[in-house]
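A look at the structure
What follows is each chain in one-letter form.
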Amino acid sequence: MKWLRAALPWLVAAAILAILFARVDREATLAALGSAKLGVYAPVAVLFTGVWLALDAFVLRGVFARVGAALSFREMALARAATYPWMVVSFDLANVALVAGLRRKSGVSVASLSAAMLAHYACDLVALATVASLGSLAADGTVATALRPILLGLAAVASAVLISARLGVARFGRGKLAAAVAGFRAQDLLRLVALRGVFYA
């Protein structure tokens, strides 16, 4: 059944794409594909995906090593790549699949792995909101202007939660987030936010 577990996300992704293509104008879709410069697009897409996966695996390897899931870069890259088809359904589902896979591979408890993923989510929100805020500065229009304070607010709130959890302040002192963040040094969290920022930039 191991082969089925490995093939399942790819089968689900293929089924979803088949349903989507069945619902769109087939001739228009083929015409659009025909007008694309596939000789340029395909290599760039492959390169981009490879760089994306490498950075993703590098970041996640550091995150989960803090809770005892010490995988090599190659092992983490393969584990992460296996979850990418689930992202067609949901980013969160892909992360659940990653935690489940790391549980089988490393033996670390689901609670510890989930707590590390929670800390990763918080750092991810800080990075994404910050990069989006900076991007809005280069954009014109009322939408960008309206979104800017919201994005900055999200980055500030997520940063405050991380700092409070790291310091064990108030309600975060005994929660799962605090338990995960406590395993990170301040420079680790800053490095994680910076790497996720590069990921989104």
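About the criteria used
- Residues numbered from 1 in each chain as written.
- Predicted model: local features only at pLDDT ≥ 70, side-chain atom pairs only at ≥ 80, totals over all residues.
- Heavy atoms only, no water.
- Salt bridge = Lys/Arg side-chain N within 4 Å of Asp/Glu carboxyl O.
- Helix = DSSP H or I, 4+ residues; strand = E, 2+ residues; numbered from the N terminus.
- Buried < 20%, exposed > 50% of the residue type's maximum accessible area, 1.4 Å probe, protein only.
- Phe/Tyr/Trp six-rings, centres within 6.5 Å; stacked < 30°, edge-to-face > 60°.
- Polar contact = N/O pair within 3.5 Å; in protein donor to acceptor, adjacent residues only side chain to side chain.
- Contact = heavy atoms within 4.5 Å.
- Axes fitted to C-alpha atoms, helices over the stretch in contact; angles between N-to-C directions.
- Parallel < 35°, antiparallel > 145°, perpendicular 65-115°, else oblique.
- Left-handed = near helix turned anticlockwise from the far one by under 90°.
- Nonpolar A, V, L, I, M, F, W, Y, C, P; charged D, E, K, R; others polar.

**Remarks on the pattern of salt bridges**
All told, the structure shown has four salt bridges when counted by the stated rule. The residue R80 makes a salt bridge to D56 at a minimum N-O spacing of 2.9 Å. In this pair, R80 is assigned in helix 4 (residues 73-81) and D56 in helix 3 (residues 38-65), connecting sequence segments 24 residues apart. Across the salt bridge formed by D124 and R196, the nearest N and O atoms sit 2.7 Å from each other. Of this pair, D124 sits in helix 6 (residues 110-137) while R196 sits in helix 9 (residues 186-200), placing them 72 residues apart in sequence. Classification of R196 as buried rests on a relative accessible area of 2%.

**Side note on the packing of aromatic side chains**
In the structure shown here, the tally under the stated rule is four aromatic pairs. Between F91 and Y121, the aromatic rings sit 6.2 Å apart at their centres with planes inclined by 55°, giving tilted as the arrangement. Highlighted residues: F91 in helix 5 (residues 91-106) and Y121 in helix 6, separated in sequence by 30 residues.

**Observations concerning the side chain of R196**
Polar side-chain contacts of R196 include one of 2.7 Å to the side chain of D124. Not counting residues within four places of it along the chain, the set of residues in contact with R196 comprises D56, V59, H120, D124 and A127.

**Looking at the packing of helix 6 against helix 9**
Relative to each other, helix 6 and helix 9 sit at 50°, their axes nearing to 8 Å. Considering the angle they form, helix 6 stands oblique to helix 9. The handedness of the crossing between helix 6 and helix 9 is right-handed. Judged by residue contacts, H120, C123, D124, V126, A127, L128 and V131 of helix 6 engage L189, L192, V193, R196, G197 and Y200 from helix 9. Split by residue class, the contact of helix 6 with helix 9 holds nine nonpolar, two polar and two charged.

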